[in-house]
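# Results of the structural survey
What follows is each chain in one-letter form.
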Amino acid sequence: MLHVDDIRGETDLPVYSAIGSTLLHALTRPYDIWGTGFLRTGEVPAAPVRARIHAVRGHLSRQRLRDLGIDCPDVVGDPALLLPKFYTPSPAGRRYGLGVIPHCRELDLLTAEQMPEDSLLIDITGGIFAVVDQICACDFIASSSLHGLICAEAYGIPARWMKLSDRPLGDGFKFHDFYSSIGQEIDGPVVVGDAARLKTIRDGHRDHRRRIDLDRLLAACPFRAG
């Protein structure tokens, strides 16, 4: 598995684009698209479409493609939502009331010493299973990382999108795109000007009922065995 930026030149091997906001770039190559989406509002492919699209991250990316005259199936969802089918979190030594996940570009903006009582600062760049274990050890998640929110959603942990800075790329489209896939509308992130705001991050949060067909998403996987 490689990051999209690490794939150079042409290859005769099949290349699958799954998870992330790489659809704009992937459409310039003969990729198989499964669960990626656009990063920003109004993006267009940089070159003629050469991809095979099996699913996209959300209804907003799907509609964007169709507006551009590009055929796209009605299967949506981020493949990270399928994590519970493949990994059961290890039992935690203790539980936390709040887990805080900064985007990878914001890791220096919060420290463990700044965290409110009964909270855990989670490094999204840690090993995938370690991150899942930590998320599932929390009763609530606040994250400026999209996949921090998606992982929490996958395992049924209430979560809220927060904004720490303008460092992450994009204009928030990918967040709204993801939430559209699970049938949820959100106004935007909670702005966290400093760590003290985290004490009230749960205020006003509304639980929701997730609406997405994960079996269809899994069935659309282009490299699924069997």
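Preceding this section is the structure that the text describes.
What counts, and at which threshold
- Residues numbered from 1 in each chain as written.
- Predicted model: local features only at pLDDT ≥ 70, side-chain atom pairs only at ≥ 80, totals over all residues.
- Heavy atoms only, no water.
- Phe/Tyr/Trp six-rings, centres within 6.5 Å; stacked < 30°, edge-to-face > 60°.
- Helix = DSSP H or I, 4+ residues; strand = E, 2+ residues; numbered from the N terminus.
- Buried < 20%, exposed > 50% of the residue type's maximum accessible area, 1.4 Å probe, protein only.
- Salt bridge = Lys/Arg side-chain N within 4 Å of Asp/Glu carboxyl O.

To continue, consider the packing of aromatic side chains. Under the counting rule described, the total for this entry stands at 5 aromatic pairs. Summarising the aromatic geometry, the rings of W34 and F223 are spaced 5.5 Å apart at their centres and angled 90° between planes, so their arrangement reads as edge-to-face. Of this pair, W34 sits in strand β2 (residues 32-36) while F223 sits in the segment after α6 (214-219), placing them 189 residues apart in sequence. Judged by its relative accessible area of 7%, W34 falls in the buried class. The exposure class assigned to F223 is partly exposed, which follows from its relative accessible area of 44%. What links up through ring pairs into an aromatic cluster is the set Y16, W34 and F223.

Moving on, we get to the environment of A51. By secondary structure assignment, the location of A51 is in the loop between β2 and β3 (52-56). Once the C-alpha coordinates of A51 and I33 are considered, the two residues, 18 residues apart in sequence, prove to be 6.8 Å apart.

Before going further, it helps to spend a moment on the pattern of salt bridges. It is possible for side chains bearing opposite charge to pair when their charged atoms get close. Inspection of the entire model under this criterion finds 10 salt bridges. Close ionic contact of D177 with R57 constitutes a salt bridge, the shortest N to O distance being 3.0 Å. Here D177, found in helix α5 (residues 173-181), pairs with R57, found in the loop between β3 and α2 (59-67); they are 120 residues apart in sequence, far enough to count as distant. Taken as a pair, D177 and R57 share a single burial class, namely buried. With a closest N to O distance of 3.1 Å, D139 and R95 form a salt bridge. Linking D139 in the loop between α3 (128-135) and β6 (141-143) with R95 in the loop between α2 and β4 (98-101), this pair joins segments that are 44 residues apart in sequence.

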